[in-house]
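# Residue-level structural notes
Each chain, written out:
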Amino acid sequence: MASTAYAPPAPAAVERKQQQVLAADTSGTLQLALQNRTNSSNVFAYITGLSIVDGNRPIFIQADGRTVYSPPSPEHPLANVAADVAIPLGAPGNTVTATIPKIAGGRIWFVIDARLTFFVNPGPNIVNPSVTNPSDPNYNLNWTFAEFTYNDQQLFANISYVDFISIPVALSLTTASSGTLSVPGMGTDGFQRVVDEMRAQTQRDGKPWDQLIFSINGVPLRVLNPTNLLAENGNAWSNYWDGYVSAVWEKYRNEDLTINTQAAAGNITGRVVGNELQLGAAGSFSPPSSADIFTCSTGPFQTGQNLARDGVIPRLAAAFNRSQLLNTPGNQFPNGGNPSVYYQDVTTNHYSRAVHAVQRDGRGYAFPYDDVVPDGGQDVAGTLHAEDPQVFTIAVGGN
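Residues numbered from 1 in each chain as written. Predicted model: local features only at pLDDT ≥ 70, side-chain atom pairs only at ≥ 80, totals over all residues. Heavy atoms only, no water.

In the nomenclature of an unreviewed UniProt entry, the chain corresponds to Glycoside hydrolase family 64 protein from the organism Macroventuria anomochaeta.

See the structure below:
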């Protein structure tokens, strides 16, 4: 990949489900509207990604909001970015227009009352800010980002809380003929509500949910996802899921479990035999550990063996994180469930539960496979996409 974190990837690095791409022919550039909905006049945006028209070279959009900067490959790691790539958003309520070319793996970053520091490694590769490396110059700053890809087929974007939650972000997309699409995000009180809920959950179950809160001088700055705590303490969630996994394994010794891969492999049905969940062409699955469930990418959830297994893994991992496996009629996943019954078990991904609870419409990308939905079901991951995008608005601050 051409975009890396400041620190080497933690063991919790996740592999996300490939997005569906629709057939279309979008124009060569896209207009962005960057809105300052904070209470600060010192807010900056940054736009990074891979230039599709230039061999997927990493690029920034410069401070004028339109000039592309493609950094050369430096001789040594952690070279400074030679151009000014901080786009000032001005006073609260102000909107700044930017223009982007076709970009893959794009991010729109926001920082309040500071500037972010990016670096360039040989390759070239952009070194992104990190929330897990204390030596990163951005570690103690208040920042966030949204993700997007703009290619010949469509614009696809989402608000990402997979790594952490902090500053509110909202998305809106004006299209030529598909109407206006939006992801409203959370209000100004959303972040504090997540902080409060993590503390309350620790009081309920004694687990380290409150350790996900990162504070500066006693003031919460962000809430990390459970995976990031594993980077500091590999035993943080050592036995958290054990009871739930045992109950699931016991249930499916005597009942069929069906995963609809929503792909060519179709429905795959199986049971637990011995200590393995046997799912036909997808192979056998050993009981996942807490780290496996939170990361969605280790142990039995490692992808790459075959297409059937790759279709099962996102849906099985999502069912664990949402605690659906003991209470879904017909034992059908994902098609037997709906968001109203997600996260109902006392053992669940309470970070994801809290993140969804504070979104204005309940939608937000809170764990790696949060875009898994039943056939015909409503998006819960806070994504928007269109073949005919005209203006993509990204607002920071929640006001």
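Ordered in space as 14-18-17, the three strands form an open sheet in which the pairing is antiparallel. Looking at which strands have only one partner, the edges of the open sheet turn out to be strand 14 (164-165) and strand 17 (213-216). Sheet contacts for helix 1 (residues 190-205): strand 14, strand 17 and strand 18 (219-224); angle to strand 18, the most-contacted strand, approximately 75°. (Pairing = 2+ DSSP bridges. Helix = DSSP H or I, 4+ residues; strand = E, 2+ residues; numbered from the N terminus. Contact = heavy atoms within 4.5 Å. Axes fitted to C-alpha atoms, helices over the stretch in contact; angles between N-to-C directions.)

Moving on, we come to the side chain of Thr258. Along the chain, Thr258 falls in strand 19 (residues 257-260). Look at Thr258 and you get buried, because its relative accessible area is 8%. In this structure, Thr258 is in contact with Asn267, Ile268, Thr269, Asn331, Gln332 and Phe333, ignoring residues within four places of it in sequence. (Buried < 20%, exposed > 50% of the residue type's maximum accessible area, 1.4 Å probe, protein only.)

Let us look at the sheet that holds strand 16 (residues 180-183). Taken together, five strands build an open sheet; the order of strands is 8-2-25-15-16 and the sheet is mixed. Bordering the open sheet on either side are strand 8 (95-100) and strand 16, each of which pairs with just one other strand. Strand-to-strand twist across the sheet, computed as the mean angle between neighbouring axes with direction ignored, equals 20°. Note that strand 2 (residues 30-36) and strand 8 share six bridges and pair antiparallel. Paired with Leu34 across the two strands is Val96, which belongs to strand 8.

This part covers helix 1. Compared with an ideal rise of 1.5 Å per residue, which puts 16 residues at 22 Å, helix 1 spans 23 Å between its outermost C-alpha atoms and is within 8% of the ideal. Within helix 1, burial applies to Gly190, Phe191, Val194, Val195, Glu197, Met198, Gln201 and Thr202. Around the axis of helix 1, the buried residues are gathered within 165° of arc, so they sit on the same side. Across helix 1 from its buried face, at more than 90 degrees, point the exposed residues Gln203 and Arg204. Elements in contact with the buried residues of helix 1: strand 14, strand 17, strand 18 and helix 6 (350-357). Directly beyond the C-terminal end of helix 1, a positive phi value near 75° is found at Gly206. (Expected span 1.5 Å × (residues − 1). Arc of directions from axis to C-beta.)

Another aspect to go through is the packing of aromatic side chains. This structure, assessed with the given rule, holds 21 aromatic pairs. When the ring of Tyr240 is compared with that of Phe294, the centres are 6.1 Å apart and the planes differ by 15°; the resulting orientation is stacked. Taken together, the positions of Tyr240 in the loop between helix 2 (226-232) and helix 3 (242-254) and Phe294 in helix 4 (residues 290-295) put the pair 54 residues apart, joining distant regions of the chain. Its relative accessible area of 7% is what places Tyr240 among the buried residues. Here a set of aromatic residues connected by ring pairs shows up, and it is made of Tyr46, Phe60, Tyr69, Trp109, Phe118, Trp143, Phe145 and Phe164. Positioned above the aromatic ring of Phe145, the side-chain terminus of Arg107 is 3.9 Å from the ring centre. Looking at Arg309, its charged tip hangs above the ring of Phe285, at a distance of 3.9 Å from the centre. (Phe/Tyr/Trp six-rings, centres within 6.5 Å; stacked < 30°, edge-to-face > 60°. Lys NZ or Arg CZ within 6 Å of the ring centre and 35° of its normal.)

Relative to the helices and strands, Thr227 is located in helix 2. Between the alpha carbons of Thr227 and Ile167 there is a distance of 20 Å; along the sequence they are 60 residues apart.

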